There are 2 protein chains.
Amino acid sequence: MRISSKVECGIISLVDICIYSNNSVVTVINISARQNISAKYLEQILPQLRQADIIRSVKGSHGGYVLTRPAEKITLRDVIDALDSTVLGECSIREDSQIADAISECLWSKMTAYLQDFTDSVTLRDIADKLADTAADQPMYYI
Amino acid sequence: MRISSKVECGIISLVDICIYSNNSVVTVINISARQNISAKYLEQILPQLRQADIIRSVKGSHGGYVLTRPAEKITLRDVIDALDSTVLGECSIREDSQIADAISECLWSKMTAYLQDFTDSVTLRDIADKLADTAADQPMYYI
DNA sequence: CTGTATTCCTACTGTTTTAATAAGTATAGC
DNA sequence: GCTATACTTATTAAAACAGTAGGAATACAG
């Protein structure tokens, strides 16, 4: 399925914040450098996540972002809805069409409902854990 | 989820052909009139469905379209793939990102797999049947 | 109280995708 | 040969997307 760059970058940013905030905030510059995403682009995405109450910002020098709640309480649905309401929303376009209505009932509604449920069941913690597993498979070597 | 007008019009056209082909072919003009879709637009969509071996065309006067096989053998996945390969395809954009890989594994891959399976399980017959049910609920009155 | 590091806001721009239209060609029945 | 149809290719207008730019607001440090 087609996912916008904005949604993908948004999720990546949140996972980055989750991993790298050790009792302190994470800045746009940090995320940008680590994840190779334009800082100006992030400056457009992160405020949307703040408005959706997924992250909290600290302004001024030594400012940055932190998650508003534990990673296991932030679902991917929260994030996707905040950044692109069309992904999990309705989809039929034609009106006044009985056939379109039938397609909607047999197909789109069920697909949308599944996507909503599924994204509700996956949290930022799941992504972070998967990442830790992968890292364990490819261990770092120290000199 | 976002579905293109092309996919929706394509499915509507096929259901129309399924319903209205009584041992004969259905023309673009017929579909256009019944479904309120521009004939010129349909002329762009139907050839794609023919190339995907979902419908067969008869050229010349008295020409038109018919399904290549029974409606219960045409899945919605066949149709969606024929008209828009991005709907059921891969979705991650960022490369060289461990986090993007983890998101893909935890989220996109599973979602895509579900959508493929589900659309594989729904056929044109299902839509046509649902339509017949709805019509029965709202009976026509004859004078 | 000034400098600096940061978030925040709004607008802009170039590219791609989408939706639809247009014009004309090819085919086959009558 | 006329007509009704499918077929092909090109074009256009609008919208969405991805990313950029400039500067305002904020708060900490010295």
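See the structure above.
In this text the structure is predicted, and so the values were computed from the model without any measurement. (Residues numbered from 1 in each chain as written. Chains lettered and ligands numbered in written order. Predicted model: local features only at pLDDT ≥ 70, side-chain atom pairs only at ≥ 80, totals over all residues. Heavy atoms only, no water.)

Turning our attention to the side chain of glutamine 35 of chain B. Locating glutamine 35 of chain B in the fold gives a position in helix α2 (residues 28-35). Classification of glutamine 35 of chain B by relative accessible area gives buried; the value is 13%. Beyond its immediate sequence surroundings of up to four residues, glutamine 35 of chain B is in contact with Ser97 and Ile99 of chain A together with Ile12 and Asp16 of chain B. (Helix = DSSP H or I, 4+ residues; strand = E, 2+ residues; numbered from the N terminus. Buried < 20%, exposed > 50% of the residue type's maximum accessible area, 1.4 Å probe, protein only. Contact = heavy atoms within 4.5 Å.)

This next bit is on the side chain of serine 13 of chain B. Residues and elements named next belong to chain B. Residue placement: serine 13 occurs in helix α1 (residues 5-20). Residue classification places serine 13 among the buried residues on the basis of a relative accessible area of 0%. When sequence neighbours within four positions are dropped, the list of residues in contact with serine 13 reads Ile31, Leu42 and Leu46.

Time to look at the protein's contact with DNA strand C. DNA strand C sits among 23 residues. The nearest are Val28, Glu43, Ser57 and Tyr65 of chain A together with Ser38 of chain B. Within 4 Å of the protein, the atoms of DNA strand C are drawn from sugar and phosphate moieties in a proportion of 60%. Within the side chain of glutamate 43 of chain A, one N or O atom sits 2.9 Å away from a base nitrogen of DNA strand C. Contacts to DNA strand C include lysine 40 of chain B, whose side-chain N or O atom sits 2.9 Å from a base nitrogen. Every element with two or more residues in the surface near DNA strand C is listed here: α3 (39-51), β1 (55-58) and β2 (64-67) of chain A together with α1 and α3 (39-51) of chain B. The greatest single-element share of the surface near DNA strand C, amounting to three residues, is contributed by α3 of chain B. (Near = heavy atom within 4 Å. Polar contact = N/O pair within 3.5 Å; in protein donor to acceptor, adjacent residues only side chain to side chain.)

A few words now on the packing of aromatic side chains. All names here are of chain A. Under the defined criterion, the tally for this structure stands at three aromatic pairs over all chains. With a centroid separation of 5.8 Å and an interplanar angle of 5 degrees, the aromatic rings of tyrosine 114 and phenylalanine 118 are classed as stacked. One end of the pair is tyrosine 114 and the other is phenylalanine 118, both in helix α5 (residues 98-121) and four residues apart, which spans about a single turn. The exposure class of tyrosine 114 is partly exposed, given its relative accessible area of 22%. On the basis of relative accessibility, which here comes to 14%, the residue phenylalanine 118 falls in the buried class. (Phe/Tyr/Trp six-rings, centres within 6.5 Å; stacked < 30°, edge-to-face > 60°.)

As a further point, take helix α6 (residues 124-137) of chain B. End to end, α6 of chain B covers 20 Å across 14 residues, agreeing with the expected 20 Å (1.5 Å per residue, within 8%). The set of residues buried in α6 of chain B consists of Leu124, Ile127, Ala128 and Leu131 of chain B. Buried residues of α6 of chain B, seen end-on, are gathered within an arc of 95 degrees and therefore sit on one face of the element. In α6 of chain B, the exposed positions that point more than 90 degrees away from the buried face belong to Ala136 and Asp137 of chain B. In the core, the buried residues of α6 of chain B are packed alongside α5 of chain A together with α1, β2 (64-67) and α4 (76-83) of chain B. (Expected span 1.5 Å × (residues − 1). Arc of directions from axis to C-beta.)

For the rest of this paragraph, the subject is the interface of chain B and chain A. Contacts between chain B and chain A engage 50 residues on the former and 50 residues on the latter. Carbon and sulfur atoms supply 72% of the area that chain B and chain A bury against each other, a total of about 4300 Å² over both sides. In this assembly, chain B and chain A are joined by two salt bridges. A salt bridge links lysine 130 of chain A to glutamate 105 of chain B; its shortest N-O distance comes to 3.2 Å. Inspection of the region where chain B meets chain A yields twelve residue pairs in polar contact (both at pLDDT 80 or more). Of the residues forming the side of chain B that touches chain A, the biggest block, 16 residues, is contributed by helix α5 (residues 98-121) of chain B. (Buried area = accessible area lost by both parts, 1.4 Å probe. Salt bridge = Lys/Arg side-chain N within 4 Å of Asp/Glu carboxyl O.)

Once that is clear, we can look at the protein's contact with DNA strand D. For DNA strand D, the set of nearby residues contains 25 residues, the closest of which are Ser38, Lys40 and Gln44 of chain A together with Ser57 and Tyr65 of chain B. Between glycine 60 of chain A and DNA strand D, the recorded distance is 3.5 Å, taken from a backbone N or O atom to a base oxygen. Take the surface near DNA strand D: its biggest share by element is three residues, from α3 of chain A. Class assignment of the residues belonging to the surface near DNA strand D gives a composition of five nonpolar, 13 polar and seven charged. (Nonpolar A, V, L, I, M, F, W, Y, C, P; charged D, E, K, R; others polar.)

A few words on the packing of helix α2 (residues 28-35) of chain A against α3 of chain A. Residues and elements named next belong to chain A. Two numbers describe how α2 lies on α3: the axes approach to 9 Å, and their chain directions differ by 120 degrees. With respect to their mutual orientation, α2 and α3 come out oblique. Here α2 runs over α3; the crossing is right-handed. Here α2 contributes Val28, Ile31 and Ser32 to the contact with α3, which in turn contributes Ala39, Leu42, Glu43 and Leu46. (Axes fitted to C-alpha atoms, helices over the stretch in contact; angles between N-to-C directions. Parallel < 35°, antiparallel > 145°, perpendicular 65-115°, else oblique. Left-handed = near helix turned anticlockwise from the far one by under 90°.)

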